[in-house]
Amino acid sequence: MIAVLQRVTTGKVKIGDRIVGDIDNGLVILLGVHRDDKEEDIIFLADKVIGLRIFNDNNGKMNISLQDADGSVLVISQFTLCGDWRKGRRPSFTKAADPDKGKLLYEGFIDAVRSRGINVETGEFGAAMDVSLVNSGPVTFVLDSHDR
């Protein structure tokens, strides 16, 4: 599983003219599910995302976790994170999970984060979406559950 975390002051996702997810102060997470991902990848990433100290304390140091900052999460499915761009000019997506498995693990990640007391908003799996955000910092991290 690959997660691109962006610390934000605001994040929003729209499908057409309809806002389906909207947060202030937290993380926008673009989540890609590999074909070989498992439940353990969900648990690893959920724990890491919630505990990672990437929010500023009173001294302006990144020393506070999402949970301690009382932040929210906006999770967007993005299979293109699993794209292999090394050969030719058109990326291959054969490493991405098939849609059924991808949706199952995407929803599992959302449930895992929610079960830890975090407010979670989402996009819609498989939909064409417009994502907007204000990246605070800017602070962006790329986490891969296969790189432990």
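Rules of the game
Residues numbered from 1 in each chain as written. Predicted model: local features only at pLDDT ≥ 70, side-chain atom pairs only at ≥ 80, totals over all residues. Heavy atoms only, no water. Core = buried A, V, L, I, M, F, W, Y, C linked by side-chain atoms within 4.5 Å. Buried < 20%, exposed > 50% of the residue type's maximum accessible area, 1.4 Å probe, protein only. Helix = DSSP H or I, 4+ residues; strand = E, 2+ residues; numbered from the N terminus. Contact = heavy atoms within 4.5 Å. Salt bridge = Lys/Arg side-chain N within 4 Å of Asp/Glu carboxyl O.

Engineer: How do you make sense of the nonpolar core when you look at a structure like this?
Structural biologist: Most often, soluble globular proteins keep nonpolar side chains buried together rather than apart. Judged by nonpolar contacts, the single largest core of 27 residues is most densely connected at Ile29, Leu31, Val49, Val75, Phe109 and Val113. For this core, the secondary-structure elements that each account for two or more residues are β1 (2-15), β2 (18-32), α1 (39-51), β3 (53-56), β5 (72-77) and α2 (99-114). Broken down by element, the residue count for this core peaks at six residues, all from α2. When sequence neighbours within four positions are dropped, the list of residues in contact with Phe109 reads Ile29, Leu31, Ile42, Leu45, Ala46, Val49 and Val75. Counting residues in hydrophobic clusters, the runner-up holds ten residues, among them Val8, Ile23, Leu74 and Met129.

Engineer: Just checking my understanding: could you explain the pattern of salt bridges for this structure?
Structural biologist: If the charged atoms of two oppositely charged side chains come close together, the side chains can form a pair. In total, this model carries five salt bridges according to the counting rule given. In this structure, Arg148 engages Asp41 in a salt bridge whose closest nitrogen and oxygen atoms are separated by 3.1 Å. With Arg148 in the segment after β7 (130-144) and Asp41 in helix α1, this pair connects stretches of sequence that are 107 residues apart. Where Asp84 meets Arg86, a salt bridge forms, and the shortest distance between an N and an O atom there is 2.9 Å. Of the residues examined, Asp84 reaches a relative accessible area of 21% and is grouped as partly exposed. Taken together, the shared-partner salt bridges connect Asp84, Arg86 and Lys95 into one network.

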